[in-house]
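# Close look at the chain arrangement
Read off the chains here:
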Amino acid sequence: MELKKDISAVSIDMLLIVHSEKRRAAQGTLSDQQANPSSLLQRRGGFQGVGNGVRRWQKLEGNDFHENLVEKQHPQQPQVITSYNSQGTQLTVEVHPRDAMPQLLKKFSLAKRLQGDKNGNTRPRQPGGKDAHAYPWDRSSLKSMSLDLQQFEKLDIYASQVTAKSGLDELVSDLLQEAHTDLERVRAIWIWICHHIEYDIAAAQEKDRQAFKPTDILRTQKTNCDGYAGLFERMCRLAGVQCMTVPGYSKGFGYQTGQSFSGEFDHAWNAVYLEGRWHLVDSTWGSGLVDTITSKFTFLYNEFYFLTHPALFIEDHFPDNKNWQLLKPPQSLKQFENNMYHKSEFYNKGMLSAHPETSMIRTVNGKATVTIESCAPTLFMFMLNGKQKHGLLSLRKNGMKLEVYPPTMGTHKLQIFAKGNSDIYSSVLEYTLKCNYVDMGVQLPAELHQPVGPSWFSEQMGIMKPSHPDPIIHTSDGRCSISFSVEEGINVLASLHGDDGPITEETQRRYIFQLHREKQTELKVQLPHAGKFALKIFVKKRQEPGNYIFVFNYLLCCANTKVNWPMFPESFGNWGQDNELLEPLSGVLPANRNVPFKLKLHGIAKVLVKGQDTWPLTLNHEGYWEGSCSTAGCQEVYVMVLENANHNFYSYILKYKVNAQ
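This structure is a prediction, so every number in the text was calculated from the model and none was measured.

### Thoughts on the packing of aromatic side chains
Using the criterion set out here, one finds 27 aromatic pairs in the structure. Aromatic side chains Tyr249 and Phe261 sit 5.5 Å apart centroid to centroid with 40° between the ring planes, which places their arrangement in the tilted category. With Tyr249 in strand 7 (residues 243–250) and Phe261 in the loop between strand 7 and strand 8 (267–274), this residue pair connects regions lying 12 residues apart in the sequence. Both residues of the pair, Tyr249 and Phe261, count as buried. Of the aromatic side chains, those joined through ring pairs into one cluster are Trp137, Trp269, Trp285, Phe304, Tyr305, Phe313, Phe346 and Tyr347. The residue whose ring lies beneath Lys251 is Phe336, and the NZ or CZ to ring-centre distance is 4.6 Å. Over the ring of Tyr624 we find Lys600; its NZ or CZ atom is 4.5 Å from the centre of that ring.

### What to know about the environment of Glu337
Tracing the chain through its elements places Glu337 in helix 15 (residues 333–338). Its relative accessible area of 7% is what places Glu337 among the buried residues. When residues no more than four places from it in sequence are discounted, the contact partners of Glu337 are Lys251, Tyr255, Gly258, Gln259, Ser260 and Phe261. There is a polar contact of 2.7 Å between the side chain of Glu337 and the backbone nitrogen of Phe261.

### Observations regarding unusual backbone geometry
Residue His355 is joined to Pro356 through a cis peptide bond whose omega torsion reads 5°. On the secondary structure map, Pro356 appears in the loop between strand 15 (351–355) and strand 16 (360–362). Here the amide bond leading from Glu583 into Pro584 is cis, since omega sits at -5°, within 30 degrees of zero. By the secondary structure assignment, Pro584 is in the loop between strand 32 (580–583) and strand 33 (588–589). A positive phi angle, near 55°, is found at Leu307, a position not held by glycine. Its relative accessible area of 0% is what places Leu307 among the buried residues.

### Quick notes on the nonpolar core
In this structure, Met235, Leu414, Ile416, Tyr431, Leu535 and Leu556 are the most contacted members of the largest nonpolar core, which totals 123 residues. Take this core: its biggest share by element is nine residues, from helix 9 (residues 182–196). Residues in contact with Leu535, not counting those within four places in the same chain, are Ile482, Ala494, Ser495, Leu496, Ile512, Val525, Phe552, Asn553, Tyr554 and Leu556. Ranked by size, the runner-up nonpolar core spans 24 residues in total, among them Phe568, Val607, Val609 and Val641.

### Topic: the pattern of salt bridges
Under the definition given, this model contains 17 salt bridges. With a closest N to O distance of 3.0 Å, Arg237 and Glu233 form a salt bridge. With Arg237 and Glu233 both in helix 12 (residues 225–238) and four residues apart, this pair spans about one turn of that helix. What makes Arg237 buried here is its relative accessible area of 2%. Assessed through its relative accessible area of 1%, Glu233 is described here as buried. Measuring nitrogen to oxygen at the nearest pair gives 3.2 Å for the salt bridge that ties Lys524 to Glu522. Taking relative accessible area as the criterion, Glu522 reaches 12% and is therefore assigned buried. Linked through salt bridges whose partners overlap, the residues forming this network are Lys143, Asp156, Arg187 and Glu303.

### Some details on the sheet that holds strand 29 (residues 531–541)
Pairing is mixed in the open sheet, where four strands are placed in the order 24-30-29-26. The open sheet has two edge strands, strand 24 (472–474) and strand 26 (490–497), and neither has a second partner. On average, each strand axis in the sheet is tilted by 25° relative to the strand beside it, whichever way the strands run. Pairing analysis gives three bridges linking strand 24 to strand 30 (residues 549–558), with the strands arranged parallel. Directly across from His474, in strand 30, lies its bridge partner Cys557.

### A word on the layout of surface pockets
As a volume, the second largest pocket reaches approximately 560 Å³. What lines the second largest pocket is a set of 20 residues, and nearest its centre among them are Leu493, Arg509, Gln514, Ser571 and Trp575. Counting residues per element, the ones that place at least two in the lining of the second largest pocket are strand 26, helix 18 (505–510), strand 27 (512–517) and strand 31 (570–571). Considering only residue class, the lining of the second largest pocket consists of 10 nonpolar, six polar and four charged.

### Examining the sheet that holds strand 20 (residues 399–404)
Within a sheet, adjacent strands bond to each other through the backbone by hydrogen bonds, running parallel or antiparallel. Spatially, four strands are ordered 15-17-20-19 in an open sheet, and the strand pairing comes out antiparallel. Strands with a single pairing partner mark the edges of an open sheet, and in this sheet they are strand 15 and strand 19 (391–396). In this sheet, adjacent strand axes meet at a mean angle of 15° when their direction is disregarded. Bridging between strand 15 and strand 17 (residues 368–374) involves four bridges; their strand directions are antiparallel. Looking at strand 17, one finds that Ser353 is bridged to Glu373.

### Some words on the packing of helix 9 against helix 12
It is at 10 Å that the axes of helix 9 and helix 12 come closest, and there the two elements cross at 145°. The crossing of helix 9 and helix 12 is right-handed. Judged by residue contacts, Val186, Ile189, Trp190, Trp192 and Ile193 of helix 9 engage Tyr228, Leu231, Phe232, Met235 and Cys236 from helix 12. For the contact of helix 9 with helix 12, a count of residues per class yields 10 nonpolar, no polar and no charged.

About the cut-offs
- Residues numbered from 1 in each chain as written.
- Predicted model: local features only at pLDDT ≥ 70, side-chain atom pairs only at ≥ 80, totals over all residues.
- Heavy atoms only, no water.
- Phe/Tyr/Trp six-rings, centres within 6.5 Å; stacked < 30°, edge-to-face > 60°.
- Helix = DSSP H or I, 4+ residues; strand = E, 2+ residues; numbered from the N terminus.
- Buried < 20%, exposed > 50% of the residue type's maximum accessible area, 1.4 Å probe, protein only.
- Lys NZ or Arg CZ within 6 Å of the ring centre and 35° of its normal.
- Contact = heavy atoms within 4.5 Å.
- Polar contact = N/O pair within 3.5 Å; in protein donor to acceptor, adjacent residues only side chain to side chain.
- Core = buried A, V, L, I, M, F, W, Y, C linked by side-chain atoms within 4.5 Å.
- Salt bridge = Lys/Arg side-chain N within 4 Å of Asp/Glu carboxyl O.
- Pairing = 2+ DSSP bridges.
- Axes fitted to C-alpha atoms, helices over the stretch in contact; angles between N-to-C directions.
- 1 Å grid on protein atoms, 1.4 Å probe; cavity = no way out; pocket = protein on both sides within 12 Å on 5 of 7 lines; lining within 4 Å.
- Points joined across faces, edges and corners; volume = space filled by probe spheres on them.
- Nonpolar A, V, L, I, M, F, W, Y, C, P; charged D, E, K, R; others polar.
- Left-handed = near helix turned anticlockwise from the far one by under 90°.

Bear in mind that shape data such as this cannot, by itself, settle questions of function.
Here you go:
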């Protein structure tokens, strides 16, 4: 059959209309075989997995755009054949009876915004040099274009509240009521999809995933990544903005650190053309997340995946066509597999960089060290094999340092979390540790929590100018004294924890004696034996109800096996914050001895020491109460005070035990 040159006459017996659109970048021109429709029909397996879904969507896009129009066609329907070659070129052929109006021409007329932008471009251009961003990331911005997110506040609220009443055309029309630029149009579509379309986990796990029609997505408000990308592309084109769907590999749900990628593509996202350049978006990941344990989807908006800087987008998105990386130079698949994966929350919470820059770390002498640099002070925590143990995490003004000591040889999973401005710690990094040596001399206390050592956070909580700025304190005789300034109105509480040491709440505090002098607090610590101990520091605002808040801890280390210090005396509620005990500091007194007492008390009328008998203490010219007490014939000794000279009621403030004879 021969085509006449003047097809405008529409007078031939049968008319072929051929429309091809490059869905993937290819070099050179089509070969004769590729230009042959019958040959193309035999080569539709170019995409697999997500690619199949993208291809099916594109077919739906050609056949289902104006469903009412299709239903009202003349009973004598044209034959429509759509195919793709291995490079992704779409070829649509219509065979019509004489004098019939080609449906593709009708669709191009009615849906010109779908096929082209408002400037009349009928085919989105492929990305080129001016679209490329430098790699690696220059830390300038998380976005690929200059944005002030505050300018979207009203638009975001409006778009998130728009409801899908009937079809896609009406929905897009409603969204564009408050959008006046291409950027605002894209933003409105992005916000609507992220807040209304739920990830369909069951559909995503089907072996042969079916394409989602827009009508089905609007009805169920569920889809998989193919559907997200296809819906975003369709809505953008209806809004007059050029948009493409990009299939590829991703480090998403189910990704294991260091894994390789091959075979079917597992994800799809979009490229959108704004202000003369292509930009990347992923509305699937912008809408929420899937719980790895329950496999349930939760709406949780993620701004990171809107116009993401390509040098950051490449960390978890590898497109089928390297041109859609929008990078100079582009990354290879091997680089994508080996490069460190910083999760979106890493950047959302203000992180800038992490070291090491590889996802697999080999320990050196049983230790692995990780450092993170952040834009601002940030709280961190870590988990090794799911437990907050076997590591020392210290906060820095702009980041943190973590030293990890795996307890066994082999492979270990290290997760790092950051808090940022929210009340929730989010996972930001994951490492795989390879340990071939365990230092048995590094046995950290199980109760050693994070962080260790004073930092900007302890200052924020009212503890300043510490005498020991380092997190680890070594003592040769099992004793140490730690002091710091305390903000007005702040109470401090400390407790000592060792794996073989004190176990009750009472004894945890009896090896520490707190002294307060004006705005200075001193902690006298005596260790019960050699080993490693966690000294935990808590604070509480004096006038506020509630519990004490953990701030930080020190790691106390003593190698002297002769150390065997007793507990300090037990103190009661009437022991004031500003009281000072000079002697005796040991909570256990020798039997049948005269023991000297010296302490400073404020607002006290009389002080007595009670054993078998009662001995009064006298106030010297320096403001200290002094005296002595015999321990003969008693098992316990108490210090009692009379606050008001006109009263006869004494209160217990200290309690000592006496050694058995």
